Amino acid sequence: MTPVPAPDLDTIVSLAKRRGFVFPSAEIYGGFANAYDYGPLGVEMKRNIRDAWWRFMVRERDDVVGVDAALITNPRVWVASGHVANFTDPLVDCRKCQQRFRADHLEEGAYGPVQRDANGNIVCPNDGGELTEPRQFNMMFKTQVGPVASDDNVAYLPPETAQGIFMNFENVLQSMRRKLPFGIAQTRVSFRNEITPGKFVFRTLEFEQMEMEYFCKPGTDLEWYRYWVEERLRWYTDVIGIDRARLRLREHEKEELSHYSAGTTDIEYLFPWGWGELEGVADRTDYDLKAHAAQSGKPITYFDEETNEHIVPFVVEPAAGLTRTLAVALLDAYDEETDDKGETRVVLRLRPNVAPVKVAVLPLSKNEALRPAARRVYDLLRPLWMTQYDETQSIGRRYRRQDEIGTPICVTVDFQTVGEKGEAGDDAVTIRERDSMQQLRVPIGALADALRERLPGC
Ligand code: ATP
């Protein structure tokens, strides 16, 4: 079966802005290329994805621990890692329209079908113009520490989180009494001077990454590499709920491998513009630990008690983009349905653990008589889950609003709850499920348990 690509990007970009997920940065100044801000719902969703990753990679395992390393650190780290010399993108410019492209992405057809001139040279995908020779461009942002700008106090903003983990390999080994194999995980912001036009939060100047370095004995790295490719794919399908048909694994060709890698597999998603990377799983061999030992003059090794030898561990790295995952979760969850009256319902079918709001408490109307019970339900639920209270506009519109932001459950308080015309109420509420739109009456006393069942992983 041919997989169906996610809906067009404009639909998601506009929903994300209208409903408070993601805003273009500094809009009153005309924005800023490849920079976005996260709104009230985006920030919740980011936290949910980060927590889901941490739970899967650290808390639910015995063999992985976390760190949070300094962003700005000794620049020799980036010399040893090879980033100062090698962290470059090949760029070409169109001589006609001056637009800039990444040469590797042009070849992959990322800007549309590859067009060539009579000599077989790739030409500008916009206007068929001639392209310049590729120039290597280093993508690290430079800054300086201290008041005077000089070559002696240059520092870099980290383009990945892995080096902060390598810097702490021995600290963790000793303080946590670890034995191989074990992993160190980290989630935090990374910076890359991306100069080709990004696509929403798919490619931005700063973005959050979720990375783990899994240290293992030399010779076992291939096995762990295969294991982590499968584990990470399972995270996207079983934890984040991404459609398996829109995911694929793509192993890098030899020429495509990074300077440190013996093997890399990308987990790719079928974006509206074609397949694109969501995560890279790489066998980084012993490249980094050896490079840091050489640069610092201090050996970094592990004492293998079985063989009585000091060895340099090999490393397998699953490196995921948090903000790119957020874009994929939004794209993948987007759905439109037409009801019996011909009205369109937009639904974000987000997994409850990813959805920014888990429960909405909606009094049937603004009537004063409903408010105390509705507030009581709200106060009961908000310590347990991210809950919204909304009493404006008709109940139908409020359901639609919640569907559009992916809220899995709405709880409605009506006159049956509080009683009417002198009759006692049933102290029960209606819960309505986003996907099935089914409604069920539940006593307030049993509400938390009923929701717990419907909000797995929250
Ligand atoms: P690409 O080829 O798309 O530039 P990459 O191969 O350089 O990605 P990695 O270095 O493997 O990316 O980084 C790991 C993950 O970090 C990527 O799979 C992606 O999810 C995320 N990522 C990388 N660059 C960006 C960016 N500029 N904006 C948002 N996320 C990014």
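In the block above lies the structure referred to throughout.
The present account deals with the structure reproduced in this document.

What counts as what
- Residues numbered from 1 in each chain as written.
- Predicted model: local features only at pLDDT ≥ 70, side-chain atom pairs only at ≥ 80, totals over all residues.
- Heavy atoms only, no water.
- Helix = DSSP H or I, 4+ residues; strand = E, 2+ residues; numbered from the N terminus.
- Buried < 20%, exposed > 50% of the residue type's maximum accessible area, 1.4 Å probe, protein only.
- Contact = heavy atoms within 4.5 Å.
- Lys, Arg positive; Asp, Glu negative; His and termini not counted.
- Charge placed at Lys NZ, Arg CZ, Asp CG, Glu CD.
- Pairing = 2+ DSSP bridges.
- Axes fitted to C-alpha atoms, helices over the stretch in contact; angles between N-to-C directions.
- Phe/Tyr/Trp six-rings, centres within 6.5 Å; stacked < 30°, edge-to-face > 60°.
- Lys NZ or Arg CZ within 6 Å of the ring centre and 35° of its normal.
- Near = heavy atom within 4 Å.
- Polar contact = N/O pair within 3.5 Å; in protein donor to acceptor, adjacent residues only side chain to side chain.
- Nonpolar A, V, L, I, M, F, W, Y, C, P; charged D, E, K, R; others polar.
- Arc of directions from axis to C-beta.
- Core = buried A, V, L, I, M, F, W, Y, C linked by side-chain atoms within 4.5 Å.
- Parallel < 35°, antiparallel > 145°, perpendicular 65-115°, else oblique.

Digging into the overall build of the protein
Move 1: In terms of helices and strands, the protein carries 14 helices and 23 strands.
Move 2: Relative to its 458 residues, the protein shows a buried fraction of 51%.
Move 3: Expressed as a percentage of contacts within the protein between residues at least 6 apart in sequence, the contacts between residues at least 24 apart total 67%.
Move 4: Of the side-chain charges in the protein, 57 are positive and 72 negative, and the distance between the mean point of each set is 4 Å.

So, the sheet that holds strand E23 (residues 439-443)
Move 1: On the basis of which strands lie adjacent, the open sheet formed by five strands has the order E20-E19-E21-E22-E23 and mixed pairing. Where the open sheet ends on each side, the last strands, each with one partner, are strand E20 (387-389) and E23. The mean angle between the axes of side-by-side strands here comes to 25 degrees, regardless of whether they run parallel or antiparallel.
Move 2: Where strand E22 (residues 428-433) meets E23, five bridges bridge the pair, whose relative direction is antiparallel. Looking across to E23, one finds that Ile431 is bridged to Leu440.
Move 3: Across the sheet, helix H12 (residues 395-405) touches strand E19 (359-363), E20, strand E21 (409-413), E22 and E23, and the angle it forms with E19 is around 170 degrees.

What about the pairing of strand E13 (residues 274-285)?
Move 1: Judged by how many residues are buried, E13 sits mostly within the fold: nine of twelve residues are covered.
Move 2: Looking at chain direction, strand E12 (residues 263-271) and E13 are connected through nine bridges and run antiparallel. Within E13, the position partnered with Glu268 by the bridge is Glu277.
Move 3: The hairpin turn running from E12 into E13, its antiparallel successor, is two residues long.
Move 4: Pairing geometry for E13 and strand E16 (residues 314-321), over six bridges, is antiparallel. By the bridge assignment, Gly280 is partnered in E16 with Ala319.

Quick look at the packing of aromatic side chains
Within a pair of aromatic rings, the relevant descriptors are the distance that separates the centres and the angle that separates the planes.
Move 1: As enumerated under the stated definition, the model contains 17 aromatic pairs in all.
Move 2: Between Trp53 and Trp54, the aromatic rings sit 6.2 Å apart at their centres with planes inclined by 45 degrees, giving tilted as the arrangement.
Move 3: Three or more aromatic residues joined by ring pairs form one cluster here, namely Phe166, Phe169, Phe182 and Phe215.
Move 4: In this structure, Lys46 packs its charged tip against the face of Tyr38, placed 4.0 Å from the ring centre.
Move 5: Positioned above the aromatic ring of Tyr389, the side-chain terminus of Arg375 is 4.7 Å from the ring centre.

Looking at the site of the ligand
Move 1: If you check the shell around the ligand, you find 16 residues, and the closest are Arg192, Glu194, Arg203, Glu277 and Leu278.
Move 2: Here an oxygen atom of the ligand sits 3.5 Å away from a polar atom, N or O, in the main chain of Glu279.
Move 3: Gly321 places a polar main-chain atom, nitrogen or oxygen, 3.1 Å from an oxygen atom of the ligand.
Move 4: Those elements that provide at least two residues to the shell around the ligand are strand E10 (206-216), E13 and E16.
Move 5: Among the elements that take part in the shell around the ligand, E13 stands out by supplying four residues, more than any other.
Move 6: Broken down by class, the residue content of the shell around the ligand amounts to five nonpolar, four polar and seven charged.

A closer look at helix H1 (residues 9-18)
Think of an α-helix as 3.6 residues a turn; residues three or four steps apart then line up on the same face.
Move 1: By the burial criterion, the buried members of H1 are Leu9, Ile12, Leu15 and Ala16. Burial along H1 is one-sided: seen end-on, the buried residues are contained in an arc of 135 degrees. Across H1 from its buried face, at more than 90 degrees, point the exposed residues Asp10 and Arg18.
Move 2: Where H1 is buried, its residues touch strand E1 (22-24), helix H10 (322-333), strand E17 (334-338), strand E18 (344-348) and H12.

Regarding the side chain of Asp93
Move 1: Assignment of secondary structure puts Asp93 in strand E4 (residues 88-93).
Move 2: A polar contact is formed between the side chain of Asp93 and the side chain of Arg135, at a distance of 3.0 Å.
Move 3: Apart from residues lying up to four places away in sequence, Asp93 is in contact with Gln98, Gln99, Arg100, Glu130, Leu131, Thr132 and Arg135.

Topic: the nonpolar core
Side chains of a nonpolar character, in soluble globular proteins, are inclined to be buried together.
Move 1: Residues Phe21, Trp235 and Tyr269 are the most contacted members of the largest nonpolar core, which totals 59 residues.
Move 2: Not counting the four nearest positions on each side in its chain, Tyr269 is found in contact with Ala6, Ile242, Arg246, Leu247, Gly274, Trp275, Gly276, Leu278, Val328, Leu331 and Asp332.
Move 3: In terms of nonpolar packing, the next biggest core, distinct from the first, is built from 20 residues, Val361, Val377, Leu381 and Leu447 among them.

What to know about unusual backbone geometry
Move 1: Leu180 connects to Pro181 through a cis peptide bond whose omega is -5 degrees.
Move 2: You can see Pro181 is positioned in the loop between helix H7 (169-175) and strand E9 (182-191).
Move 3: Positive phi, close to 55 degrees, is recorded for Asn308, a residue that is not glycine.
Move 4: In this structure Asn308 comes out as exposed when scored by relative accessible area, which is 57%.
Move 5: The backbone of Lys421 shows a phi angle near 45 degrees, a positive value even though the residue is not glycine.

Digging into the packing of helix H2 (residues 40-59) against H10
Two quantities define a packed helix pair, namely the angle between the helix axes and the distance between the axes.
Move 1: Viewed as axis vectors pointing N to C, H2 and H10 meet at an angle of 110 degrees, and their least axial separation amounts to 10 Å. With respect to H10, the axis of H2 lies roughly perpendicular. Of the residues in H10, those touching H2 at Gly42, Met45, Lys46, Ile49 and Arg50 are Leu322, Thr323, Thr325, Leu326, Ala329 and Leu330.
Move 2: Here the contact of H2 with H10 is composed, by residue class, of six nonpolar, three polar and two charged.

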